[in-house]
Amino acid sequence: MELKHHTSKNRNRVYLIDEDKEIGEIVYTYLNDHLIDISHTEIDSNYRGQNLGQKLIDELASYARNHHLKAKASCPYVAKVFERSNDYNDIIA
């Protein structure tokens, strides 16, 4: 399984590839130079229950830290993870 990161003006995301199949993604947008909004997380139903959503959040959190970004979560799943864990307090806007 491989994590990839794609950035563009229209769509930014971290996604998971298993062999040649995309199996999950987390999507975010820049609200300004220092703030991102995490708007969507999805895992293929055949891969659920493997903490892959958590892997995507952790990868995006690492990206935010490395780029001195703060994050807000309009995605309900990410908002719940942020609420339940102190691991992301340093990036939460």
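Before reading on, note that the structure itself is shown above.
Basis of the calculations
- The numbering scheme is per chain: residues are counted from 1 as the chain's sequence reads.
- Reporting in this predicted model follows two pLDDT cut-offs: at least 70 for local features of residues, and 80 or more for side-chain atom pairs to be given and counted; totals over whole chains, interfaces and linings ignore these cut-offs and use all residues.
- By convention in this description, side-chain values take in all heavy atoms of the structure and omit both hydrogens and water.
- Partly exposed describes any residue whose relative accessible area lies between the buried limit of under 20% and the exposed limit of over 50%, with all areas from a 1.4 Å probe on protein chains only and scaled to the type maximum.
- Helical segments are the DSSP runs of H or I of at least four residues, strand segments are the runs of E of at least two, and each set is numbered from the N terminus.
- This arc is taken over the directions from the axis of the helix to the C-beta atoms.
- Contacts are residue-level and defined by heavy atoms, with any inter-residue pair within 4.5 Å sufficient.

S.K.: How would you explain helix α2 (residues 76–84) if you had to name every residue and give the values?
M.R.: Those residues of α2 not exposed but buried are Val78, Val81 and Phe82. Buried residues in α2, looked at end-on, bunch into an arc of 100°, giving them a common side. Exposed and facing more than 90 degrees away from the buried side of α2 are Pro76, Glu83 and Arg84. As for α2, its buried residues are in contact with β3 (21–32), β4 (35–43), α1 (52–66) and β5 (70–73).

S.K.: Run through the environment of Asn66, naming residues and quoting values.
M.R.: With respect to the helices and strands, the residue Asn66 is situated in helix α1. Of the residues examined, Asn66 reaches a relative accessible area of 58% and is grouped as exposed.

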